[in-house]
Amino acid sequence: MKPQVILFDLDDTLTESKQKVSDEMAQVFSRLLENNKAAIVSGAKFEQQLNQFINFLPKDSNLKNFFSFPQNATECMTFDGKIWAKEYSFSLSNEEITEITNALNKVLEETKIIENEISYGERIENRGAQITFSALGQEAPVSAKKTWDPDQIKRRDLQKRLEEIIPQYEIVIGGMTSIDITKKGINKTKAVNWLSEKLDLPVSSMLYIGDSLFPGGNDAIVIQTGIPVMETKNPKQTTGIIDSFLKENVV
Ligand SMILES: [Mg+2]
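Position numbers for residues start from 1 in each chain and track the written sequence from start to end. With the structure being a predicted model, the display of local features is reserved for residues of pLDDT at least 70 and the display and counting of side-chain atom pairs for 80 or more, all residues being used for whole-chain, interface and lining totals. Side-chain descriptors were evaluated using all non-hydrogen atoms of the structure, hydrogens and water having been removed beforehand.

**Digging into helix α6 (residues 153-165)**
Where we set the bar: The helix count covers DSSP runs of H or I at least four residues long, the strand count covers runs of E at least two residues long, and both are numbered beginning at the N terminus. Given a helix with a known number of residues, its expected span is that number minus one, times 1.5 Å. Only protein chains enter the accessibility calculation, which uses a 1.4 Å probe; a residue whose area is less than 20% of its type maximum is buried, one above 50% is exposed, and one in between is partly exposed. Starting at the helix axis, one direction is taken to each C-beta atom, and the arc is that of these directions. The contact criterion used is simple: two residues touch if any of their non-hydrogen atoms lie within 4.5 Å.
The end-to-end C-alpha separation of α6 is 19 Å, in line with the 18 Å expected for 13 residues at 1.5 Å each. Residues of α6 that are buried include every one of Arg155, Leu158, Gln159 and Leu162, and no others. The buried side chains of α6 occupy one side of the element, clustering within an arc of 100 degrees when seen end-on. Those residues of α6 that are exposed and aimed more than 90 degrees away from the buried face are Ile153, Lys160 and Glu164. Residues of α6 that are buried make contact with α4 (94-111), β7 (131-134), α5 (142-148), β8 (169-174) and β9 (178-183).

If you want it as structure tokens, here you go:
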């Protein structure tokens, strides 16, 4: 049975990590939006989702069927045909941002984990509703990121130390080199539950597609909502999956 709404991770699911969407994917995703509701749920901020994906969709795409959940669903953005509106936001206060930043600086000093690493751009980024630590900086090339912590050992250590200092926050391992910190309980499951309520659909009629559904992967947390999930290896495979859904639509 075709799912009523499909939620997608962004990096390595719809596009290569932080890269612009392919023309092929933009076309197929736009066709999906004609008759289906779809969402992007990623650690990236909204501007990044725009610059990496949404702005490259064909101009006549039906964005009324689209939901953007930036920063691990700390926010939801929708488009009414004219402007983007924020459906909700779990912003961090200035005090919370300071508390998180101080904790990050403390564990980085303790572990000396980035002491000899080059930084490509900012390492600690305030995204409003989320603080993101990127070990090699925001603009690090994928080739460098791939080899830094492939088994997540470095970040699991950082995560454990952070959980001791600031247990009142949600601390999750993201992408290839990052750790995302948000308000407690706000993570990708928020997108699943919010959409279920908003669209009045049971979670079982929805589908989540991501590249990191394995234990410890940054998509795995959605499994606890009961949403059916589908693993993809890369954007090319995801294009094929969407294509097969479109074919099912043809009567
Ligand atoms: Mg991913």
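**Some words on the sheet that holds strand β6 (residues 124-126)**
The test is simple: Two strands pair if DSSP finds at least two bridges between them. The angle between two axes is taken between their N-to-C directions and runs from 0 to 180 degrees, where each axis is a line fitted to C-alpha atoms and a helix contributes only its stretch in contact.
Read from one edge to the other, the open sheet built from 4 strands follows the order β6-β7-β9-β8, with strand pairing classed as antiparallel. Edge positions in the open sheet fall to β6 and β8, since each of these has one partner strand only. Taken pair by pair, the neighbouring strands of this sheet meet at an average axis angle of 20 degrees, ignoring direction. Examined bridge by bridge, β6 and β7 share 3 bridges and lie antiparallel to one another. If you follow Glu125 over to β7, its bridge partner there is Thr132. Strand contacts of α4: β6, β7, β8 and β9, with the helix running at about 20 degrees to β7, the strand carrying the most contacts.

**Side note on the domain arrangement of the chain**
Applicable threshold: Just so you know, the domain bounds were taken from an automatic or database domain assignment. Buried area: the accessible surface (1.4 Å probe) lost by two parts on joining, summed over both. Salt bridges are defined by distance alone: a side-chain nitrogen of Lys or Arg within 4 Å of a carboxyl oxygen of Asp or Glu.
Annotation of the chain at the domain level lists domain 1 (5-90 + 187-249) and domain 2 (94-183). Placing the centre of domain 1 and that of domain 2 at their C-alpha centroids yields a distance of 24 Å. Facing 16 residues of domain 1, the contacting portion of domain 2 comprises 17 residues. Regarding the contact of domain 1 and domain 2, the summed buried area is about 1,300 Å², with carbon and sulfur atoms giving 44% of it. When the buried surface of domain 1 facing domain 2 is broken down by residue, Lys18, Gln71 and Phe90 rank first, second and third, together holding 31% of it. Counting the contacts that link domain 1 with domain 2 gives 1 salt bridge. In this structure, Lys45 and Glu125 form a salt bridge, with 2.7 Å as the shortest nitrogen-oxygen distance.

**Some remarks on the coordination of the magnesium ion**
This is how the line gets drawn: With water excluded from the atoms, a metal site may look incomplete; its donors are any N, O or S atoms within 2.8 Å, or within 3.2 Å for Na, K and Ca.
Looking at the magnesium ion, one finds its protein donor set to be Asp9 (OD), Asp11 (O) and Asp211 (OD), positioned 2.2 to 2.3 Å from the metal centre. Sequence spacing of the donors to the magnesium ion: D-x1-D-x199-D. The class for Asp9 is buried, based on a relative accessible area of 5%. Overall, the relative accessible area of 23% leaves Asp11 in the partly exposed class.

**Considerations on the pattern of salt bridges**
In total, this model carries 14 salt bridges according to the counting rule given. As a salt-bridge pair, Asp219 and Lys188 come within 2.8 Å of each other at their nearest N and O atoms. Taken together, the residues span a long stretch of sequence, with Asp219 in the loop between β10 (206-210) and β11 (229-231) and Lys188 in helix α7 (residues 188-198) at a distance of 31 residues. The residues Asp219 and Lys188 share a single accessibility class, namely buried.

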